[in-house]
Every structure is written in structure tokens, then in C-alpha cells.
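Now for the letters of each chain:
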Amino acid sequence: MKRNLVFLLLIVCLSAFGSARARGGEGDAPGPFISVVRVAGVINPVQAEFINTELVAANGRGAVAFLIELDTPGGLDTSMREIIQSIFASRIPVIVYVYPPGSRAASAGALITLAADFAAMAPGTNLGAAHPVSISPTRDAQDKTMTTKIVNDAVAYARSLAEKRGRNTEWAERIVRESISTPASEALDLKVIDLIAESESELLAGLEGKRYLRGGKSLTLRSEGAVLQVAEMGWRQKVLNTISNPNVAYLLMMLGVMGIFFEISQPGVVLPGAIGAIALLLALYAFHTLPVNYAGVLLILLAIVLFILEVKVVSYGMLTVGGMVAMTLGSLMLIESSEPYMQISRGVIAAT
């Protein structure tokens, strides 16, 4: 075990050293360059950390601009606001490009696009639908009042972003209140974006000479001829981003439950318990990045307790039946969101 731990630490150190060398090599490239990150998926804490880290690095290395190529169905409000705060704090201009064709910047992605110094879209893309859909409809007057407050807060935030960047504030309000989504051509006509570009080279040519504000001063972007340097997630961020998928997080939790159950029912095997503990810890991290309903968590914990009691108490299977019912209800309630990309697949729940 000691040899395995030493070997694991050696791999981690070599990976970090290689990453540092790669990053240093990027900074040594001659001539002007633009740092690029590609976001294809849900806006979550891992994506926010990745974007913010690379944006700070691009500022430190003297990049001409920072380009976010965006394709997202939306994501968490907290992660979105972290990204927007980093965009506003950046000394270099930030470009958000909804790309490639067929992509979308919905919900949180739409507000990130509004916050950029320059916003562009590829043909065949769409932008909008930023209503806070995680709020479930209720009949209680107090809950309706809270819903109205949250919607009004989102509207004010969207309008403030559009106003700061000189974009269409009425459109910004409508994407929150009415959940409208706009194709690239209409977005350009409505003055929501700055240009439509079919490729990265066309984007840079179109942005050449554009003006932006920093510290009250008007500056000029010199983008044409700049080299694009694409930054990718490290292995740690890729792993954390993968397990932040609701289905993966749920399967990790179930694997953890089964591992601990087998360890208790067959003491001394060790391996199932170790794997189960690791899987549960990873699942807990993943749930930290998701809108979790704690009633669902409690039902799943109740199911675990009933399964463990089944090993110790003669119940003729009734504790197991109760555990299965609690596990099923808890799984269905676990993620509190009406967004399809944030929900656990019913097929995964049934198979589990």
C-alpha cells in the first residue's frame, strides 16, 4: 500500500509539472495572442473555476483578449455570477462567441453573453430563455411572492448587464420574463450581439478595431492576426466536471450504498467498503454542484438504514421492501430542477 501511495503521488506531481510546463510554453509564444476556452455543457462550479482561472492567467500573460466559445443549455446561478464577476474584473476584453453552428447559449449562458465586452454568434445558433425555471409552481401566496421576487431580481440583473454593455435592455428583460429565445440574425438586428461570424478567423477580422471601455477610457481591440491559444481543463477538473453530471453522481451514490451494504453483510472483505466510501465522497462533492432536494437525500438515507437493518433483523423482507420504496421516492425527488439536463434519467433510476 505504501508503494502504491508513493506511485500515485509521483503521477500527480508529474502531471502538475507537465501542466505547468505547458502553461509556461503558451506564455512564451511570440506575438499577440488571444486565450481561448471552450465551454460545451452545463455551467457548474467546475466550469466557473476553469474559466476564472484561465481568465486570470490570460490577464497575467498579457493576452490581447479572452475568448469564450460557448455552447450551453444553462446552469447554476451562483456559477454564472462568479463568471460574470470575473469578466467585469478583467483588464483585457472578454469575447463570448456562441459556436460552433448548432450551438446555443441558453439561461445562464445568455446572461454570460450579455456581460461580455463583445458578443458574437455563429449562424444557426440561438440565445435566450433565461427564466429561473428551477422555481416550481405553487399555490401558496407566500411562495408566489417569493417566486415573484426571484424573477424580478433576475430581470434587474439581466437589464443591468445589458445596460452596462450598451445592449438591448428590453430584450434582456423578455428572456427572463417570457423565456424567449432568439436566433443569431434576429439577435444582431435587436442589437443584442455585435456580429455574426462563421469561423474564428472571421470573428477576429470582424472585431478588429472595435472599441471597449476600461476604467472610463475607450480602448481599441487589435484582434486580426492574433494567435489563438486554446486552454483545456486539467485532469482534476475533467474528473470533477464528469462526476457533476446528475446521472453520474447518482450512480456513484448508489455504488457507495451497495459497497457499504456488502461490507456490513460480509465483514472483512474490505474492498467493497473502500470503494463504497470513495464513491460516496465523490457523490457528495457532485451533489454540492447540483440543486439537491434534501427530502430526497433523507429518504435515500432512510433506505440505507433499512437495508442495513435487514442484515441484522429478521423481517421476512419487509425492511427491504420499505428500503426500495424509500430509495425510489428519494431518487425521484433528489434533484430539484425542471431543467432536463439537471434531472436524473428515469431509466437510470429504474435500472438501479
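Preceding this section is the structure that the text describes.
Residues numbered from 1 in each chain as written. Predicted model: local features only at pLDDT ≥ 70, side-chain atom pairs only at ≥ 80, totals over all residues. Heavy atoms only, no water.

Among soluble globular proteins, nonpolar side chains are generally buried collectively. Ranked by size, the top nonpolar core spans 79 residues in total, and within it F66, I68, L111, L114, I175 and L334 carry the most contacts. If we ignore the near neighbours within four places in the chain, the residues touching F66 are I34, S35, V37, I51, E54, L55, A58, I92, P93, V94 and I95. Judged by nonpolar contacts, the second largest core, of 17 residues, contains A65, A120, A122 and L207. (Core = buried A, V, L, I, M, F, W, Y, C linked by side-chain atoms within 4.5 Å. Buried < 20%, exposed > 50% of the residue type's maximum accessible area, 1.4 Å probe, protein only. Contact = heavy atoms within 4.5 Å.)

In this structure, the amide linkage connecting Y99 to the following residue, P100, adopts the cis form with an omega of 5 degrees. Positionally, P100 belongs in the loop between β3 (94–98) and β4 (104–106). Phi is positive for K191, close to 60 degrees, though the residue is something other than glycine. Relative to the elements of secondary structure, K191 occurs in the loop between α7 (184–189) and β8 (195–196). (Helix = DSSP H or I, 4+ residues; strand = E, 2+ residues; numbered from the N terminus.)

Right, let's talk about the packing of aromatic side chains for a bit. Geometry of an aromatic ring pair is reported as the spacing of the ring centres plus the angle between the planes. Applying the stated criterion to the full structure yields 4 aromatic pairs. Seen from their ring centres, F261 and F307 are 6.5 Å apart, and the 70 degrees between their planes marks the pair as edge-to-face. Highlighted residues: F261 in helix α10 (residues 246–265) and F307 in helix α12 (residues 294–312), separated in sequence by 46 residues. Members of the aromatic cluster, each reached through a chain of ring pairs, are F261, F262 and F307. Over the ring of Y157 we find R81, and its NZ or CZ is 4.0 Å from the ring centre. Over the ring of F88 we find K164; its NZ or CZ atom is 5.1 Å from the centre of that ring. (Phe/Tyr/Trp six-rings, centres within 6.5 Å; stacked < 30°, edge-to-face > 60°. Lys NZ or Arg CZ within 6 Å of the ring centre and 35° of its normal.)

Orientation of α10 relative to α12, taken along the N-to-C sense of each, is 20 degrees, at an axis distance of 10 Å. Relative to α12, the element α10 lies roughly parallel. The crossing of α10 and α12 is right-handed. In this structure, α10 uses M253, M254, V257, F261, I264 and S265 to contact α12, whose residues at the interface are I300, I304, F307, I308, V311 and K312. Of the residues in the contact of α10 with α12, the class split is 10 nonpolar, 1 polar and 1 charged. (Axes fitted to C-alpha atoms, helices over the stretch in contact; angles between N-to-C directions. Parallel < 35°, antiparallel > 145°, perpendicular 65-115°, else oblique. Left-handed = near helix turned anticlockwise from the far one by under 90°. Nonpolar A, V, L, I, M, F, W, Y, C, P; charged D, E, K, R; others polar.)

So, about the environment of Q229. For Q229, the position within the fold is in strand β11 (residues 227–231). Looking at Q229, its side chain comes within polar contact range of the side chain of R61, at 2.7 Å. (Polar contact = N/O pair within 3.5 Å; in protein donor to acceptor, adjacent residues only side chain to side chain.)

Once that is clear, we can look at the sheet that holds strand β6 (residues 126–128). As summarised here, the arrangement of the 3 strands in space is β4-β6-β7, forming an open sheet in which the pairing is mixed. Because the sheet does not close on itself, it has two edges, and the strands there are β4 and β7 (181–183). Mean inter-strand twist for the sheet, computed between neighbouring axes without regard to direction, equals 20 degrees. Bridge count between β6 and β7: 3 bridges; the pairing is antiparallel. Residue L127 lies in a different strand from β7, and its bridge partner there is T182. Across the face of the sheet, helix α4 (residues 108–115) comes into contact with β4 and β6 while running at roughly 100 degrees to β4. (Pairing = 2+ DSSP bridges.)

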